[in-house]
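Observations on chain architecture
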Amino acid sequence: MTALTASGAEAARRPQYGSISKSRRWALRWSYFFLVLFAIFFLTPPIYMFITSLKSSAEISAATNPWWVYSPTLDNYIELLTQNQYLIFFRNSAIVSVCVVAVTMVISVLAAFALARMKFWGSATLATGVFLTYLIPDTLLFIPLFKTFAFIRETLGIELINRWWTLIILYPTLTVPFCTWIMIGYFASIPKELDEAALIDGASWTQTLTKIFIPVALPGIIAATIFAFTVSWAQFLYPLAFTTSTDQLVLPVGIVTTLIKGDVFNWGQIMTGALLGAAPPLIIYAFLMDYYIAGLTAGATKG
Amino acid sequence: MADIAVPRAGTAVGAGGRASLHRLMQRKSTIAFLMALPLILVISLLVAYPAFYSIYLATLNKSMERFVGLGNFSFLFGRETFWLVVKQSCIFAITAVIFKALIGFVVAHFVHNIPAKGQRKWRGMLLVPWVIPPAMSTLAWLWLFDPSYSAFNWILAIFGIDPVPWTGNAHWARFAVILVNIWVGAPFFMIMYLAALKSVPEQLYEAAAIDGATWWQRIWYVTLPMMRNIIAITALFSLIVTFANFDIVRVLTAGGPLDYTHIFATWAFRVGIESGDIPLGASVSLFMVPILAVAAWFILRDINQRGNEA
């Protein structure tokens with residue numbers, strides 16, 4: 001497949017560079033050669049996930065060629081998707097991610113607008129603070145948060161540990177700083193004349209935000225939304241630390257902790273579960289790749 | 001950063017005289033503060049407060065009733081496992097970041113080399129490891145490394161090579177953990193470097209070619225200096241993320257065999273949540289702070305500099 005497209009591209013290119021030097025052509029060939037090698041390295045695990053997901057337990061334990069499916073079956077998929085437990089994980093993940101995305105976007109768009117266009121006491125410090133919080137990892141915060149939640153249970157009687165909706169409170173710590181940061185960048189790049197004109201015409205700040213800033217910065221908003229979704233879908237540490245019973249788990253933790261039963265690894269099902277769990281971000285990525293990449297590069301280059 | 005500091009918006013609404021202008025300005029700053037309030041609450045309650053709280057927690061004894069000062073730290077310094085974790089965290093982060101940067105740089109060049117039409121497709125394919133949630137892709141690696149059914153060992157067996165204990169032996173387990181980390185992180189570098197490569201003006205290469213520069217000289221004297229900023233900032237970002245990594249080690253080895261792959265985050269989880277010694281866990285995770293602070297300081301300085309240049 002790759003070899004075919006490579007030679008196709010080569011042929012299309014040749015007339016353009018009729019007198020292209022030999023070394024240039026060799027450079028191109030080597031580029032394709034190494035790209036194929038790296039693509040194999042990068043794509044082996046997901047492909048292997050797919051191969052294994054089509055195998056029955058019997059075929060896996062027979063230790064035949066692991067890279068080939070002799071009798072493909074969809075049993076793993078059917079079993080997982082009719083199994084209540086997996087669907088609960090999926091539902092929890094979906095609700096948590098959608099809520100986190102909504103909360104994140106409201107908080108960060110409002111804050112980014114205030115920080116990019118309206119000055120108030122300490123706004124410059126706050127902008128720096130937003131960036132610094134983005135650099136504080138979840139691995140530093142989960143222990144004190146765990147203790148705080150235990151303390152809230154003792155004093156206020158509100159149970160926050162082992163509740164899936166607690167994650168909706170926790171995940172914004174990971175998404176809000178980054179999304180605010182890239183939204184500040186996008187908003188700051190909008191020409192000031194635009195909102196000044198609106199203000200002269202008598203638009204309120206709310207109208208300036210909804211009628212001018214949000215439509216103009218839509219690519220940035222999409223990029224930030226994708227980021228927030230991907231992060232909350234993939235988050236592993238918080239759910240692992242804060243939820244334990246099977247009806248409260250989200251996908252990544254659910255697959256890791258429940259499909260592995262004792263020493264018995266049902267690899268066909270684990271791989272199917274992981275592949276289905278990876279599907280939502282992959283599908284979003286497939287359709288919105290350019291926004292995804294814009295958001296990725298904006299984090300470090302904007303500002 | 002400089003361009004965030006904002007507007008002399010008075011010009012736009014100046015019609016109503018000094019007093020009303022003043023009032024309006026005041027009202028505007030109030031609105032702005034209210035708009036930023038949710039952000040301030042999230043940052044202060046869920047990030048800043050826990051961060052400082054963990055410093056306090058680290059000074060308590062296991063049952064959290066007694067103040068022990070630096071007792072937890074001196075206890076850690078006396079434990080062999082702690083120094084093992086320090087060593088492994090550094091090896092893990094530094095090796096992984098170096099290889100991610102190298103692979104990212106090389107792959108970005110190859111993608112940049114091929115005709116523009118095909119670049120999108122290749123870029124899309126090569127970014128896949130970054131898109132899959134790490135906990136899930138690490139499961140695939142765990143299965144590829146399985147002691148009895150390893151698909152890699154099956155291939156090695158064809159060439160008559162003995163099965164490799166990918167996660168069973170201390171050295172191989174460290175190698176496996178780093179390899180998976182490189183696999184997850186290299187595409188990010190590739191994307192960043194590709195964006196940087198595209199921003200290098202073509203004329204510079206033409207000038208270098210006229211001067212008879214070899215490909216190596218072109219990279220050394222044109223590409224690298226032009227990309228210096230992006231290379232540095234990407235590496236620093238990745239250093240922070242890699243140093244604080246949890247998912248990959250947790251799923252692949254859970255710190256084993258015999259603590260030989262534990263890094264700060266996974267060991268803090270083991271000690272703090274699983275063994276229930278919250279203060280000790282907090283102390284362990286606090287050791288990540290110095291390196292994170294240094295990296296953050298460099299990043300911030302770099303961003304401020306660029307803000308001033310712009």
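Just so it is clear, the model here is predicted, and its values are computed rather than measured.

1. Side note on the overall build of chain A
Helix and strand counts for chain A stand at 16 helices and two strands. The C-alpha atoms of chain A give a radius of gyration of 25 Å, which is well past the 19 Å a tight globule of 303 residues would have. Across its three principal axes, chain A shows a C-alpha extent of roughly 75 × 70 × 30 Å. Expressed as a percentage of the 303 residues in chain A, the buried residues total 48%. Pairs at least 24 apart in sequence give 77% of the contacts found in chain A among residues at least 6 apart.

2. Let's talk about the overall build of chain B
The number of helices and strands found in chain B is 14 helices and zero strands. Counted from the first residue to the last, chain B has its helices and strands arranged as α-α-α-α-α-α-α-α-α-α-α-α-α-α. Computed over the C-alpha atoms, the radius of gyration of chain B is 25 Å, more than 25% above the 19 Å expected from 2.2 N^0.38 for a compact globule of 310 residues. Along the three orthogonal principal directions, the C-alpha set of chain B runs to about 85 × 70 × 30 Å. Every one of the 310 residues in chain B was classed for burial, and the buried ones make up 42%. Once local pairs closer than 6 in sequence are excluded, the contacts in chain B between residues at least 24 apart make up 66%.

3. Overview of the domain arrangement of chain A
Residues and elements named next belong to chain A. We note that the domain assignment places domain 1 (2-53) and domain 2 (77-301) within chain A. A straight line from the C-alpha centre of domain 1 to that of domain 2 covers 36 Å. Tallying the contact residues gives four residues for domain 1 and six residues for domain 2. Looking at the side of domain 1 that touches domain 2 residue by residue, the classes come out as two nonpolar, two polar and no charged.

4. Some details on the UniProt feature "transmembrane region" (unreviewed entry) in chain A
All names here are of chain A. Mapped onto the present numbering, the UniProt feature "transmembrane region" (unreviewed entry) falls on residues 30-51, 94-116, 128-152, 164-188, 209-230 and 272-294. Between the C-alpha atoms that bound residues 128-152 the distance is 30 Å, and the span itself is 92% helix and 0% strand. Secondary structure across residues 209-230 comprises 95% helix and 0% strand; the distance between its end C-alpha atoms is 26 Å.

5. Things to note about the packing of helix H2 (residues 22-53) of chain A against helix H3 (residues 80-113) of chain B
Interhelical geometry of H2 of chain A versus H3 of chain B gives an angle of 130 degrees and a closest axis separation of 9 Å. Here H2 of chain A is positioned oblique relative to H3 of chain B, judged by the angle of their axes. The chirality of how H2 of chain A crosses H3 of chain B is left-handed. In this structure, H2 of chain A uses Ala-27, Leu-28, Ser-31, Phe-34, Leu-35 and Phe-38 of chain A to contact H3 of chain B, whose residues at the interface are Val-107, Phe-110, Val-111 and Asn-113 of chain B. Each residue belonging to the contact of H2 of chain A with H3 of chain B can be placed in one class, and the counts come to eight nonpolar, two polar and no charged.

6. Considering the domain arrangement of chain B
The domain architecture assigned to chain B consists of domain 1 (9-57) and domain 2 (73-309). The distance between the C-alpha centroids of domain 1 of chain B and domain 2 of chain B comes to 38 Å.

7. Section: the nonpolar core
In terms of nonpolar packing, the biggest core is built from 184 residues, with Phe-113, Phe-187 and Ala-274 of chain A together with Leu-139 and Tyr-193 of chain B touching the most fellow members. Every residue in contact with Phe-113 of chain A, bar those within four places of it in the chain, is listed here: Phe-187, Leu-209 and Phe-213 of chain A together with Met-35 of chain B.

8. Considerations on unusual backbone geometry
With the exception of glycine, most residues fall at negative phi, and the peptide bonds are largely trans. For Asn-162 of chain A, which is not a glycine, the phi torsion comes out positive at approximately 65 degrees. Its location among the elements puts Asn-162 of chain A in the loop between helix H7 (138-156) and helix H8 (166-170). Unlike most non-glycine residues, Leu-258 of chain B shows phi in positive territory, near 50 degrees. Mapping Leu-258 of chain B onto the fold places it in the loop between helix H11 (247-252) and helix H12 (264-274).

9. Here we look at the interface of chain A and chain B
In this complex, chain A contributes 88 residues to the contact, which on the side of chain B involves 85 residues. With 15 residues, the single largest contributor to the side of chain A that touches chain B is H2 of chain A. Along the lines of polarity and charge, the residues of the side of chain A that touches chain B split into 69 nonpolar, 13 polar and six charged.

Cut-offs and rules
- Residues numbered from 1 in each chain as written.
- Chains lettered and ligands numbered in written order.
- Predicted model: local features only at pLDDT ≥ 70, side-chain atom pairs only at ≥ 80, totals over all residues.
- Helix = DSSP H or I, 4+ residues; strand = E, 2+ residues; numbered from the N terminus.
- Rg over C-alpha atoms; globule rule 2.2 N^0.38 Å.
- Buried ≥ 20, exposed ≤ 12 C-beta atoms within 10 Å, placed from the backbone.
- Contact = placed C-beta atoms within 7 Å.
- Domains from an automatic or database assignment.
- Nonpolar A, V, L, I, M, F, W, Y, C, P; charged D, E, K, R; others polar.
- UniProt positions renumbered as here; feature names shortened; annotations may be inferred.
- Axes fitted to C-alpha atoms, helices over the stretch in contact; angles between N-to-C directions.
- Parallel < 35°, antiparallel > 145°, perpendicular 65-115°, else oblique.
- Left-handed = near helix turned anticlockwise from the far one by under 90°.
- Core = buried A, V, L, I, M, F, W, Y, C linked by C-beta atoms within 7 Å.

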